[in-house]
Amino acid sequence: MLRPPLHTGFDFRGGAVARSGDAANARDLTRSACNLTKREIECLTWAARGKTEEEIGMIIHRSHSTARFHLRSAIRKLGASNRSHAIAIVCSLGLISVF
């Protein structure tokens, strides 16, 4: 069976669906963001302000490996492709402020 490309906005269960920015995706993203720990949000905040893992570790009084762990955990939970993407997501959700 030939199927149209996914970006056409057609649901094979019989109806049209919204594109990638639909409400369901926003709910999933918000739900993922709600699962972030305070430490993950703190590390993302410092990363957004340009701090390295080493500097973040010193600020939170932990090793750079621990800072890296929290950043990677946040990236995974948010479904982000990298640190910058994760920061953009949490900024857009209003969870952190860069300034």
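Above this text you will find the structure in question.
Rules of the game
Residues numbered from 1 in each chain as written. Predicted model: local features only at pLDDT ≥ 70, side-chain atom pairs only at ≥ 80, totals over all residues. Heavy atoms only, no water. Helix = DSSP H or I, 4+ residues; strand = E, 2+ residues; numbered from the N terminus. Buried < 20%, exposed > 50% of the residue type's maximum accessible area, 1.4 Å probe, protein only. Contact = heavy atoms within 4.5 Å. Areas by Shrake-Rupley, 256 points an atom, 1.4 Å probe, with all protein chains shown as cover. Core = buried A, V, L, I, M, F, W, Y, C linked by side-chain atoms within 4.5 Å.

Asks: Residue-level account of the overall build of the chain, with values.
Replies: Across its full length, the chain carries 5 helices and 2 strands. Listing each helix as α and each strand as β along the chain from the N terminus yields β-β-α-α-α-α-α. Here the chain holds 99 residues, and 27% of them are scored as buried. A separation of at least 24 residues holds for 52% of the contacts in the chain among residues at least 6 apart in sequence. Carbon and sulfur atoms provide 57% of the accessible area of the chain, an area that totals close to 6800 Å².

Asks: With reference to specific residues and values, describe the nonpolar core.
Replies: The biggest cluster of nonpolar side chains holds 18 residues, and the ones touching the most others in it are Leu44, Ile56 and Leu78. Those elements that provide at least two residues to this core are helix H2 (38-48), helix H4 (64-78) and helix H5 (83-92). Here the element with the most residues in this core is H4; it accounts for 5 residues.

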